[in-house]
Amino acid sequence: MNSSITIVTAFFDIGRGSWTSNKGFSPHLERTSDTYIQYFKNLSELDNDMIIFTSSDLKPKIEKIRNGKSTIVVALDINKKFRHIKKRISQIQKDDEFRNKLETRQLKNPEYWSSDYTLVCNLKAYFVNKAIELKLVNSEMIAWVDFGYCRDAEITRGLSQWSYPFNKNKVNLFTIKRGLTVNTIRQVFDHMINNRSYIIGGAIVATQKKWKEFYKLVCHCQIETLKNNIVDDDQGIFIMCYHYNPQLIKLNYLGKNRWFNLFKVFGKKDFITSLRRLKVSLLGK
């Protein structure tokens with residue numbers, strides 16, 4: 001098996017380009033499909049194998065961006081495949097019993113009103129498991145990294161091949177706060193309803209074996225959440241995963257509110273990249 005990390009990601013246009021401030025949406029929510037494509041260009045600079053799930057119309061564009069690098073793009077109609085789950089999410093989001101649990105300021109967050117957004121956020125473990133199931137992965141280690149994680153070129157820290165000695169006996173999740181305590185399921189739901197951020201959804205790293213375990217746990221937590229007439233994005237679900245099986249999970253600290261520190265804290269520049277940079281520096285003198 002390849003000793004590097006295979007990156008799995010996905011992008012589906014859920015219409016964020018129309019979430020404009022003149023329609024009453026928070027300004028930070030508006031992102032067009034082209035915005036995400038520009039973000040992905042930064043992630044695509046990595047030479048790691050990539051498996052990308054997307055809609056059929058975006059498949060050629062994404063393949064072109066990778067420009068010959070080891071890449072598999074899988075086209076999928078998520079609205080058709082997950083229509084029943086999406087319908088259930090929408091029902092809960094419109095339910096007064098659920099909405100009344102939320103603080104008024106939380107109602108603007110898309111996980112509480114957009115079934116498309118909530119569905120896509122909750123499919124990350126599914127996509128990785130599907131890549132394994134289809135035998136598309138040639139490495140032991142697999143990372144989920146959000147398609148739009150790299151908002152600018154500096155986030156990858158000049159890496160060409162991303163690698164790091166992550167704990168292979170754990171599912172590696174990443175936090176922006178310390179001191180996560182979830183002793184009861186009531187505390188978990190409290191985190192969800194109050195939108196408290198500890199574990200980010202943008203990155204997850206584990207072996208193929210541990211990803212399979214994690215996928216089963218994620219599915220259990222998603223079902224449990226829906227049964228309790230609650231919906232949340234991936235961050236809340238991952239807190240529930242940690243509550244039910246903390247032995248499976250390692251929480252890796254990125255720094256206080258440092259959402260985009262993944263490659264800075266957990267990246268090692270390879271020897272070839274270092275030599276190239278040194279050569280450029282010497283020639284510059």
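Provided above is the structure to which this section pertains.
What counts and how
Residues numbered from 1 in each chain as written. Predicted model: local features only at pLDDT ≥ 70, side-chain atom pairs only at ≥ 80, totals over all residues. Heavy atoms only, no water. Helix = DSSP H or I, 4+ residues; strand = E, 2+ residues; numbered from the N terminus. Rg over C-alpha atoms; globule rule 2.2 N^0.38 Å. Buried < 20%, exposed > 50% of the residue type's maximum accessible area, 1.4 Å probe, protein only. Contact = heavy atoms within 4.5 Å. Areas by Shrake-Rupley, 256 points an atom, 1.4 Å probe, with all protein chains shown as cover. Lys, Arg positive; Asp, Glu negative; His and termini not counted. Charge placed at Lys NZ, Arg CZ, Asp CG, Glu CD. Axes fitted to C-alpha atoms, helices over the stretch in contact; angles between N-to-C directions. Parallel < 35°, antiparallel > 145°, perpendicular 65-115°, else oblique. Left-handed = near helix turned anticlockwise from the far one by under 90°. Arc of directions from axis to C-beta.

**Some remarks on the overall build of the chain**
Each helix and strand in the chain was counted, giving twelve helices and seven strands. Against the globule reference of 19 Å for 285 residues, the chain gives a C-alpha radius of gyration of 19 Å, in line with a compact fold. Across the 285 residues in the chain, those meeting the buried criterion constitute 51%. Within the chain, contacts between residues separated by at least 24 positions form 75% of all contacts whose residues are at least 6 apart in sequence. Carbon and sulfur atoms form 48% of the exposed surface of the chain, whose accessible area is close to 14300 Å². Side-chain charges of the chain comprise 46 positive and 27 negative groups, with the mean position of each set lying 5 Å from the other.

**Considering the environment of Leu262**
Note on placement: Leu262 falls in helix H11 (residues 262–265). Linking Leu262 and Phe40, residues 222 residues apart in sequence, is a C-alpha distance of 15 Å.

**Let's talk about the environment of Ala75**
Counting through the fold element by element, Ala75 comes out in strand E3 (residues 71–75). Exposure remark for Ala75: the relative accessible area of 39% places this residue in the partly exposed category. Here Ala75 is in contact with Thr54, Ser55, Ser56 and Lys59, once residues within four sequence places are set aside.

**Some words on the packing of helix H1 (residues 33–43) against helix H2 (residues 59–66)**
Interhelical geometry of H1 versus H2 gives an angle of 25 degrees and a closest axis separation of 10 Å. Accordingly, the angle class assigned to the pair H1 and H2 is roughly parallel. Crossing angle aside, the handedness with which H1 passes H2 is right-handed. Residues Asp34, Ile37, Phe40 and Lys41 of H1 pack against Lys61, Ile62, Ile65 and Arg66 of H2.

**So, H2**
Those residues of H2 that fall on the buried side of the exposure criterion are Ile62, Ile65 and Arg66. Take H2 and look down its axis: the buried residues cluster within an arc of 100 degrees, on one side only. Exposed residues pointing more than 90 degrees away from the buried face of H2 are listed as Pro60 and Lys64. The inward-facing, buried residues of H2 abut H1, strand E2 (50–54) and E3. Positioned one or two residues after H2, Asn67 has a phi angle of 50 degrees, which is positive.

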